[in-house]
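Structure assessment
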Amino acid sequence: WYQGENNCGGTMGNSMTGVGYGCELVEMVKEWRSIFNAPDASFGLVTLAAGGSEGNGENMAGMRWSQTANFGTLPAPNLHNSYLAQAYDLGDPMDNLHPPCFNQTSWNTSVCIWPPASAWNDAVRPLAPAVWQNAAPSFMGGIHPRFKREVGRRLAVAAYNLLHGGTAAHTGPTIAGCSVTGDSVTVQFNVSLLRSDEILVQPFNTNVSEWGMQDSNAMAVCIGVASQQPNCISDPSLWVPAAVVAGKTGSTVTAVPTPTVSKMGAILAVKYGWPIGKEGGDSCCPQKTVTEGHQPCIPGSCPILTKASSLPANPFFALVTAGKCRCMSPQVCDQ
């Protein structure tokens with residue numbers, strides 16, 4: 001199931017309150033299973049790719065969360081035998097380009113930037129030549145990104161490891177909790193879901209002076225005074241990007257925001273893969289060279305993924321209370 005763009009203008013809702021897309025998705029799967037008399041039929045889902053909101057960017061984070069029945073990943077307690085491929089980092093890599101930057105036959109090296117092979121992660125690097133050719137015609141822009149092979153690979157990895165005897169991780173790193181110490185946040189990911197895999201942290205530029213948008217799908221923290229915490233879910237001006245550093249174990253990362261938090265207030269919330277607001281931000285490539293059309297957005301560019309299977313971290317939004325994370329119900333991340 002790789003749909004939902006038309007629903008971004010509606011109510012995202014919550015599967016546990018019987019409202020909106022979160023509920024509709026669960027009921028749809030139940031109905032299909034009933035029609036086919038297959039109550040345990042497996043169900044694979046792809047979350048919406050970057051750029052697929054159809055003008056409703058403020059709802060994109062809620063949509064992706066609802067695509068997990070609001071539990072943060074699949075399977076969920078009310079959606080068994082289900083699995084997903086995250087695509088928030090898989091927008092069309094070349095749709096943003098402007099002349100003279102188009103493909104290998106039209107590439108002015110004084111203006112255009114082609115990323116070196118080392119900038120592509122292991123899963124997508126073999127596909128770089130096809131992206132470079134940019135031969136397949138684009139259709140309707142962001143809602144039909146052409147970079148489908150990696151979507152298929154992620155679905156195959158999830159299905160194999162969840163339902164067909166595989167023993168590796170079937171989903172990307174999933175938040176289990178966090179703790180705030182001074183000016184940094186340590187995020188703990190679910191060890192059981194990682195299985196034998198561990199966290200890989202990719203380089204990511206957090207220098208907003210080199211960005212062409214206010215927000216991104218990478219790690220960020222909401223900073224302010226306590227009374228502003230309710231506004232973290234909707235006000236992009238409260239958020240600052242955070243550099244991600246691999247933790248001391250294979251299941252944690254430390255997020256270090258810039259500028260120093262203590263000069264601005266306290267850490268009120270933390271997010272990842274969760275764009276805030278209507279104007280931009282739904283991208284793992286916020287740098288000006290991409291937004292101005294001089295460089296492709298490399299697929300899989302957000303910083304956190306599994307090391308062996310190259311599955312991106314599942315998006316999350318969590319308020320910080322007494323130094324600990326608290327996800328929105330029904331998702332739990334209070335370890």
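In case you missed it, the structure is sitting above this.
Report follows, based on the coordinates. It should be emphasised that the depicted structure is a prediction, and the values quoted were computed from it without experimental measurement. Position labels on residues start from 1 in each chain and follow its written sequence. Selection of residues for local features in this predicted model requires a pLDDT of at least 70, selection of side-chain atom pairs for listing and counting requires 80 or more, and totals for whole chains, interfaces and linings are taken over all residues. In computing side-chain properties, one takes all heavy atoms of the structure into account and sets aside hydrogens as well as water.

As a further point, take the nonpolar core. One recurring pattern in soluble globular proteins: nonpolar side chains tend to sit buried together. Put simply, buried Ala, Val, Leu, Ile, Met, Phe, Trp, Tyr and Cys residues joined by side-chain atoms within 4.5 Å make one nonpolar core. Buried means the residue's accessible area, taken with a 1.4 Å probe over protein chains only, is under 20% of the maximum for its type, while exposed means over 50%, and partly exposed covers the values in between. Residues V187, M219 and I304 are the most contacted members of the largest nonpolar core, which totals 29 residues. Per the convention used, a helix needs a DSSP run of H or I reaching at least four residues, while a strand needs a run of E reaching at least two, with both numbered from the N terminus. Listed by contribution, the elements that provide at least two residues to this core are β3 (175-181), β4 (184-189), β6 (220-224), β7 (239-246), β8 (252-257), β9 (266-272), β11 (316-321) and β12 (324-327). The contact criterion used is simple: two residues touch if any of their non-hydrogen atoms lie within 4.5 Å. Leaving out residues up to four positions away in the same chain, M219 has contacts with V187, P241, A242, V244, V253, A255, V270, K271, Y272, I304 and F316.

So, on to the state of the cysteines. Disulfides are defined as cysteine sulfur pairs within 2.5 Å. Taken as a whole, this structure holds 6 disulfides when the rule is applied. What pairs with C101 in a disulfide is C112, and their sulfur atoms sit 2.0 Å apart. Measuring handedness by torsion sign, the sulfur bridge of C101 and C112 sits at about -95 degrees and is left-handed. Taken together, the residues C101 in the loop between β2 (82-85) and α3 (128-133) and C112 in the loop between β2 and α3 connect sequence positions 11 residues apart. Overall, the relative accessible area of 1% leaves C101 in the buried class.

Moving on to the pattern of salt bridges. Each reported salt bridge corresponds to a side-chain nitrogen of Lys or Arg within 4 Å of a carboxyl oxygen of Asp or Glu. Throughout the structure, instances matching the rule amount to 10 salt bridges. The closest approach of N and O atoms between D92 and R146, which form a salt bridge, is 2.8 Å. Taken together, the residues D92 in the loop between β2 and α3 and R146 in the loop between α3 and α4 (149-163) connect sequence positions 54 residues apart. Using a relative accessible area of 26% as the deciding quantity, one classes R146 as partly exposed. The closest approach of N and O atoms between D215 and K271, which form a salt bridge, is 2.9 Å. One end of the pair, D215, is in the loop between β5 (199-201) and β6; the other, K271, is in strand β9, with 56 residues separating them in the sequence. Residue D215 is classed as buried on the basis of its relative accessible area of 6%. Residue classification places K271 among the buried positions, given a relative accessible area of 0%. Within the structure, one salt-bridge network assembled from shared partners comprises D89, E150, R153 and R154.

As a further point, take a nonpolar patch on the surface. Patches here are clusters of residues that have more than 30% relative accessible area and form no salt bridge, with a 9 Å joining cutoff for like charges and a 5 Å cutoff for nonpolar side chains (Val, Leu, Ile, Met, Phe, Trp, Tyr). For the area figures, the Shrake-Rupley method with a 1.4 Å probe applies, and any residue is considered shielded solely by the protein chains shown. Judged by side-chain polarity, W1, W32, I35 and F36 come together as a nonpolar surface patch covering roughly 470 Å² of accessible area. For F36, the position within the fold is in the loop between α1 (20-35) and β1 (43-46).

Most of β6 is tucked away, with 5 of its 5 residues classed as buried. Of the two faces of β6, both are covered, the one formed by A220, C222 and G224 as well as the one formed by V221 and I223. Paired strands, as defined in this entry, are two strands with at least two bridges between them according to DSSP. As judged from the 3 bridges shared by β6 and β7, these two strands associate in the antiparallel manner. Looking across to β7, one finds that C222 is bridged to W239. With 5 bridges connecting them, β6 and β9 associate as antiparallel partners. Residue A220 lies in a different strand from β9, and its bridge partner there is K271.

Bringing the pairing of β1 into the picture now. Covered by surrounding structure in β1 are F43 and L45 together with G44 and V46, the residues of both alternating faces. Direction of pairing for β1 relative to β2: parallel, over a ladder of 4 bridges. Among the inter-strand pairings, L45 is bridged to a residue of β2, identified as L84.

Before going further, it helps to spend a moment on the packing of aromatic side chains. Centres within 6.5 Å make a pair out of two Phe, Tyr or Trp rings, where for Trp the six-membered ring is used; the pair is then stacked when the planes are under 30 degrees apart, edge-to-face when over 60, and tilted otherwise. Under the counting rule described, the total for this entry stands at 12 aromatic pairs. Pairing W114 with W120 gives two aromatic rings, centres 5.8 Å apart and planes at 40 degrees, and the pair type is tilted. What makes W114 partly exposed here is its relative accessible area of 26%. Relative to W132, the ring of W114 lies with its centre 4.5 Å away and its plane at 50 degrees, an arrangement referred to as tilted.

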